[in-house]
Amino acid sequence: MCHRSHGSLFWIAVQLLQFISGQDYIQDLGGDDWKATGVSALPGMNRFQQVKGTVPGCIHTDWYDHIGHRKENDPFYRFNDGLWKDIADMNWVYEKTFIADQRLGEYKEQWLVCEGLDTIANISLNTKLLGTSKNMFVRHFFNVTGVMQDGFNLMQVSFESATRYANRSSDALKYSIPPECPPDVQHGYCHVNLIRKQQSSFSWDWGPGFASQGIWKPIYMIGVNEAVLTDVSLSYDWGSEALGVDVRYLLTGSVLPKWGSIQIFIDELSIHNRSHVISVNGTNPTASVIEKIPAENLELWWPNGQGEQKLYNITVHFQVDGSHERSFRTLWFGFRKVELVQTRIDSSKGLSFYFKINGRSVFAKGSNWIPGDAFPSRVTKSNYTNLLQSAKDANMNMLRVWGGGVYERDEFYELADSMGIMIWQDFMFACALYPSDPSFLESVTQEIKEAMWRLKSHPSIVLWAGNNENEAALATNWYNTSDNFERYKKDYVALYIDTIGKTAKQLDSTRPYLSSSPTNGAETQSEGWVAKNPYDAHYGDVHYYNYDADCLDWTKYPKTRFASEYGYQSFSSVQTMSAVSLSTDLIWNSSFLIYRNHHSDGDEQIMKQIIKHFNITSADSKEEWFSNVVYLSQIMQGLCYKGETEFYRRSRSEIVDGEGHTMGALYWQLNDVWQTTSWSSIEYGGSWKALHYFAKNFFANVTLSVIQDGTFMSVYSLSDVNQAINVTLVIEARLWGNFKPLHSWKTAVKIDAQSSKLLRKENINNLLQYAGCKGKEFCYTEIYLEELPDVAPTYFYPASFKNIVGMKKPIIQVQSVVAVQPNSSEIAAQQYLISLTSSAPAFFVMLEVIGVKGRFSDNAFHMRERKVLEFHAWESTSVDAVKSSLRIKSLADTSLGDDVITADENVLVSEEVLSDRIPVGVWLDDVQAQLAFGVCGILFLLFFAVLLVCVVMRFSNPHLKKRHSLLPESTPQKPTAVVSRHPEEVFDHTGSCGAFLLHLQDPSKIEDEGVQVMFYVR
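Residues numbered from 1 in each chain as written. Predicted model: local features only at pLDDT ≥ 70, side-chain atom pairs only at ≥ 80, totals over all residues. Heavy atoms only, no water.

Draft legend 1. Structural context of the overall build of the protein chain. Check the secondary structure of the protein chain and you find 21 helices and 48 strands. Partitioning the intrachain contacts of the protein chain with sequence separation of at least 6 by distance along the chain shows that 71% fall at a separation of at least 24. A total accessible area of about 41,300 Å² is found for the protein chain, and carbon and sulfur atoms account for 52% of it. (Helix = DSSP H or I, 4+ residues; strand = E, 2+ residues; numbered from the N terminus. Contact = heavy atoms within 4.5 Å. Areas by Shrake-Rupley, 256 points an atom, 1.4 Å probe, with all protein chains shown as cover.)

In structure tokens:
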């Protein structure tokens, strides 16, 4: 919560250490001894509330503390986000009385530092107004010398309701700046774009609208005699081979312009007390110096999967001449060179768009990051560690910090530095148009400076981006602005180019700056910063969502240069959702689930994808049936992302009709801010959905990808390693109900470095016929690399899962659970080895330990006779607890049976959803099937017409001699289908005849034995 938990204490300690190392004394004003008083902001209302306050924190979690930590009082419980709206509509005053430490008064000046105030606030000490804040992302310094008293002091921060301020700002506009309000399904507040506050705090399509208030970052007093260091920022110029050291400092009023010095210490590079003289003055309290460091002496920082993350400990000292006051800052810094390459591509009209790190092209693999909690003040280092370690363990090398959240705390970026996670850093503007009046731009300039001074030393940050989707919103008329396009374009350019872009380039020349995402990059600039089509696949990055199409149809995906957003939703697990709901809420179409999903028609879209591919059997209760739907939604989501991500990785090495050369895949989204239905791969609380286990495989540095390309099965290698690999590719044809393969093929292949490559292409029918498979619905193929057991196998399913034949219901048993010593690199507190056995092949096996937080080494896997895996528990538990709480579900549990659910009033599946149940061809594919049956239909009509003529002639002419047979007297030998020993030659035609077998199914029947038709063509 907002209490000073261990994680919160660590955060405060880190923030304060920046100043403890900078001067002799500091007094922290945080803690749980604040008082928050709320008064209604509505005219004529006299509502008054008072609660105990915690700093850092926010009013909503303080309210939760006040009413008691019971399940029904949780701000995330059921409909509380709507029921608590009065809290956001009130003005709140945080106040605290404190005794100034005696040592603080011994300094010449005392300063108050507010790291972050959310958002519209007046700051007072002993009833004297010190200043105001109108930007959540700006740090404030107030000189309180003479205001602070030796004894008792009263600190007050008076907040104005952010929702009321936004409405008032809208009323004062000369013209509308859309959007006015979020969609009704989000249950949010209006005009968030008019206030410099976390944009998603007013609601989003995956999160609640609390619009909270509070002191969300540390607040403290510092003592200063003459000058102290406040910021140090590092960069390295590869051309001049020089380390740039930029500093900001705070001067007391007694210091006249004079000289000072900066000393640099880098022990590993034998740099000790390198002193640089600087000019010190209060007009521009910044300085820059350069320290020459030959590049050949440096060990480089590399992204995850490309090398080590070498970090150097660099200490910078600052001192004014004649002063005994010395302050310093210590940072961990990585040397790496980043380039965003946008150059012409052969056989394409567009430009490339990819990152080079240290001269090496890197395919960006990862996801999009949103805040770790709807209340950012209660995100702990443990939360950060869990999520970033999860990203690393899933073989990600990049996260995009999305522009509707917050600039994350230092711990986030420090962890990214140490784990090799590149950060695409948006500035905090999203899905809206924004003002461009002088006061707004001035506030934004200060915000950008604060963010970049604090963050630009981190090697993990590889890109600054102006906003999320605002160019697209303007260019494609999201908000009906086309009639005043030039007006809004002028505002857009003033904000993202003339203000943010200019400031970013002044402060950091070592990283690229993009004006928006998606954008056409250099092409957007040539079109005046608002491209006609920001989604053009020939340029820049693309966001792609298509909920109507079959998500497994790879032909629908855009062959873009860089996919920075894409995705599909799934339900969070029942265990996660149970923490904030009643058991009766967790049924299909419940009012809670409908309310909780802030994405319009989201639940229906999930169901549409499921029933395109899976059957859903009935269950003993609505709750159990919905649990099966949750399971299938997560498997479906995993398959969707696997298909789309592998498509982008395959497109790395090809150009088709000018499109391709894809060099990035960042799916939406990594995490959740509360328990909900969303696009995330990690649920609120840290549990991995099936998708994240899938991601571990489809983002692996070496992996296989298989697709159906017409009537062929094509197998690709996807490689991010820097050397070629010679290996044996194995393809096994398997029956759904048998452990042993029907047949296997082995081929020696070469996997090229840093590329995708087609390894083998086989006709599907020929392959299955050769293996002895009756038809597509009876078999699947498993494909793997014989010498690389760590590379997960991939699977090809010739038929839809809802049409498969022969799958058995497995009995999966837990043979043993053994506690083992955890690997020191794991975030887990405890580790358990779990051994499973199964009576039959089991597919998409999902494990869950009820009541114990943690994750598995593997999940959503296919299993044969035996499986051994690890469970990493994040809290204290026992072998018995793990074993008794372990729950196992597989595809057969949810899709196998005679009682497949189609539609009834109990499950409330809409007719529109059910209409998507389409017939599936079994032996012939797509156009071939249509042509074949079309020809058969025409031949049948011709045959019937001839037969009718013959019958009519027979009965109308009694002189015709009756024939005893319609067959000719000399009947030719019946042709036979002979299976060749070469899969490329399945049929051996006898004479001029051909034999074909069709296996037909009636999709309207639940139990369908099928019809086999043999016909001959002479």
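Draft legend 2. Layout of the sheet that holds strand 37 (residues 755–763). Ordered in space as 33-34-37, the three strands form an open sheet in which the pairing is antiparallel. Strands at the two margins of the open sheet, each flanked by one partner only, are strand 33 (702–709) and strand 37. Here the strands of the sheet are splayed against their neighbours by 20 degrees on average, with no regard to which way each runs. For strand 34 (residues 712–719) and strand 37, the ladder comprises eight bridges, and the chain directions are antiparallel. The residue of strand 37 that forms the bridge with Ser 719 is Ser 755. Contacts from helix 15 (residues 622–650) reach strand 33, strand 34 and strand 37, with the element oriented near 100 degrees to strand 33. (Pairing = 2+ DSSP bridges. Axes fitted to C-alpha atoms, helices over the stretch in contact; angles between N-to-C directions.)

Draft legend 3. The pairing of strand 13 (residues 227–237), seen in detail. Counting buried residues in strand 13 gives ten out of eleven residues, a clear majority hidden from the surface. With ten bridges joining them, strand 13 and strand 14 (residues 242–251) adopt antiparallel strand pairing. Paired with Leu 229 across the strands is Tyr 249, a residue of strand 14. Hairpin connection from strand 13 to strand 14: four residues lie between these consecutive antiparallel strands, with Glu 241 at a positive phi of about 50 degrees. (Buried < 20%, exposed > 50% of the residue type's maximum accessible area, 1.4 Å probe, protein only.)

Draft legend 4. Quick peek at the environment of Gln 831. Among the secondary structure elements, Gln 831 is positioned in strand 41 (residues 830–838). Between the C-alpha atom of Gln 831 and that of Ala 819, which follows or precedes it by twelve residues, the distance is 6.0 Å. Within the structure, Gln 831 has its side chain in polar contact with the side chain of His 872 (distance 3.5 Å). (Polar contact = N/O pair within 3.5 Å; in protein donor to acceptor, adjacent residues only side chain to side chain.)

Draft legend 5. Structural detail: the confidence of the model for the protein chain. With 85% of its residues at a pLDDT of at least 70, the protein chain reaches an overall mean of 89. For the stretch residues 958–1018, pLDDT sits under 50, and the model shows 78 contacts to residues farther than four places along the chain or on other chains. (pLDDT = per-residue confidence, 0-100.)

Draft legend 6. Structural detail: the packing of aromatic side chains. Tallied over the entire structure, the rule returns 63 aromatic pairs. Aromatic side chains Phe 76 and Phe 210 sit 6.1 Å apart centroid to centroid with 35 degrees between the ring planes, which places their arrangement in the tilted category. With Phe 76 in the loop between helix 2 (59–67) and helix 3 (80–83) and Phe 210 in the loop between strand 11 (207–209) and strand 12 (219–224), this pair connects stretches of sequence that are 134 residues apart. There is no split in this pair, since Phe 76 and Phe 210 are both buried. Seen in terms of ring centroids, Tyr 667 and Phe 699 are 6.1 Å apart; in terms of plane orientation they differ by 5 degrees. Their pairing is stacked. Of this pair, Tyr 667 sits in strand 32 (residues 664–667) while Phe 699 is found in the loop between helix 16 (690–698) and strand 33, placing the two residues 32 residues apart along the sequence. With relative accessibility at 0%, the residue Tyr 667 sits in the buried group. One residue, Lys 85, lies across the ring of Tyr 189, its end atom 4.2 Å from the ring centre. (Phe/Tyr/Trp six-rings, centres within 6.5 Å; stacked < 30°, edge-to-face > 60°. Lys NZ or Arg CZ within 6 Å of the ring centre and 35° of its normal.)

Draft legend 7. Molecular detail of the pattern of salt bridges. Here the structure, examined in full by the defined rule, presents 38 salt bridges. Close ionic contact of Asp 410 with Arg 454 constitutes a salt bridge, the shortest N to O distance being 2.9 Å. With a gap of 44 residues between them, Asp 410 in helix 7 (residues 410–419) and Arg 454 in helix 8 (residues 438–455) connect regions that are remote in the sequence. Overlapping salt bridges bring together Arg 139, Asp 231, Arg 248 and Glu 450 as one network. (Salt bridge = Lys/Arg side-chain N within 4 Å of Asp/Glu carboxyl O.)

Draft legend 8. Examining the state of the cysteines more closely. What the rule picks out here adds up to three disulfides. Assigning the bonded cysteines of the protein chain consecutive numbers by sequence position, one obtains the connectivity 1-2, 3-4, 5-6. (Disulfide = S-S within 2.5 Å.)

Draft legend 9. Examining helix 10 (residues 485–507) more closely. For helix 10, spanning 23 residues, the distance from its first C-alpha to its last is 31 Å, which sits close to the expected 33 Å at 1.5 Å a residue. Its axis deflected by about 35 degrees at Gly 501, helix 10 carries its strongest bend there. (Expected span 1.5 Å × (residues − 1). Bend = angle between axes of the 7 residues up to and from the residue.)

Draft legend 10. Representation of a nonpolar patch on the surface. Together, Val 818, Leu 833 and Val 868 make up an exposed nonpolar region whose accessible area comes to about 210 Å². Tracing the backbone shows Leu 833 in strand 41. For Leu 833, a relative accessible area of 30% corresponds to the partly exposed category. (Patch = residues over 30% accessible without salt bridge, like charges linked within 9 Å, V, L, I, M, F, W, Y side chains within 5 Å.)

Draft legend 11. Representation of the side chain of Thr 576 in the model. Assignment of secondary structure puts Thr 576 in helix 12 (residues 574–578). Accessibility expressed as a relative area gives 10% for Thr 576, which makes it buried. Setting aside chain neighbours within four positions, we find Thr 576 in contact with Gln 675, Glu 683 and Tyr 684.

Draft legend 12. Molecular detail of the sheet that holds strand 46 (residues 886–889). Reading across from one edge, 44-42-46 is the order of the three strands in this open sheet, with antiparallel pairing throughout. Here the strands that pair on one side only, and so sit at the sheet edges, are strand 44 (861–863) and strand 46. In this sheet, adjacent strand axes meet at a mean angle of 45 degrees when their direction is disregarded. Both strand 42 (residues 842–849) and strand 46 contribute to a ladder of four bridges, which runs antiparallel. Its bridge partner lying in strand 46, Leu 847 is registered against Ile 888. Helix 15 rests against strand 42 and strand 46 of the sheet, and its axis sits at about 115 degrees to strand 42.

Draft legend 13. Region of interest: the side chain of Ser 516. Relative to the elements of secondary structure, Ser 516 occurs in the loop between strand 27 (513–514) and helix 11 (522–526). Within the structure, Ser 516 has its side chain in polar contact with the side chain of Asn 467 (distance 2.6 Å). Among all residues touching Ser 516, those that are not within four sequence positions of it are Gly 466, Asn 467, Glu 469, Asn 470, Glu 471 and Tyr 492.

Draft legend 14. Examining unusual backbone geometry more closely. Residue Asp 118 is joined to Thr 119 through a cis peptide bond whose omega torsion reads 0 degrees. Here Thr 119 lies in the loop between strand 5 (109–114) and strand 6 (121–125). Of note, the amide linkage connecting Pro 178 to Pro 179 takes the cis form, showing an omega dihedral of 5 degrees. Tracing the sequence through the fold places Pro 179 in the loop between helix 5 (162–171) and strand 10 (202–204). Phi angles above zero are rare outside glycine, and Ala 211 is one such case at about 45 degrees. Note on placement: Ala 211 falls in the loop between strand 11 and strand 12. What makes Ala 211 buried here is its relative accessible area of 0%. The residue Asn 477 is not glycine, and still its phi comes out positive at about 60 degrees. A relative accessible area of 28% places Asn 477 in the partly exposed class.

Draft legend 15. Main features of the packing of helix 14 (residues 602–613) against helix 15. As a packed pair, helix 14 and helix 15 sit with axes 10 Å apart at the nearest point and diverge in direction by 80 degrees. With respect to each other, helix 14 and helix 15 are oriented roughly perpendicular. Judged by residue contacts, Ile 606, Met 607, Gln 609, Ile 610 and His 613 of helix 14 engage Trp 625, Val 629, Leu 632, Ser 633 and Met 636 from helix 15. Looking at side-chain class alone, the contact of helix 14 with helix 15 contains seven nonpolar, three polar and no charged residues. (Parallel < 35°, antiparallel > 145°, perpendicular 65-115°, else oblique. Nonpolar A, V, L, I, M, F, W, Y, C, P; charged D, E, K, R; others polar.)

Draft legend 16. Fine view of the packing of helix 8 against helix 10. Following both chains from N to C, one finds helix 8 and helix 10 inclined at 30 degrees, their axes separated by 10 Å at the closest point. With respect to each other, helix 8 and helix 10 are oriented roughly parallel. Along this stretch, helix 8 crosses helix 10, giving a crossing that reads as right-handed. Residues Phe 440, Leu 441, Val 444, Thr 445, Ile 448, Lys 449, Met 452 and Trp 453 of helix 8 touch helix 10, and the partners they reach there are Ala 494, Leu 495, Thr 499, Ile 500, Thr 503, Ala 504 and Leu 507. Here the residues of the contact of helix 8 with helix 10 are counted per class, giving eleven nonpolar, three polar and one charged. (Left-handed = near helix turned anticlockwise from the far one by under 90°.)

Draft legend 17. Inspection of the environment of Asp 709 at higher detail. The residue Asp 709 is located in strand 33 in this model. Classification of Asp 709 as partly exposed rests on a relative accessible area of 28%. Separated by 53 residues in the primary sequence, Asp 709 and Glu 762 place their C-alpha atoms 9.7 Å from one another. Residues in contact with Asp 709, not counting those within four places in the same chain, are Trp 554, Ser 714 and Lys 761.

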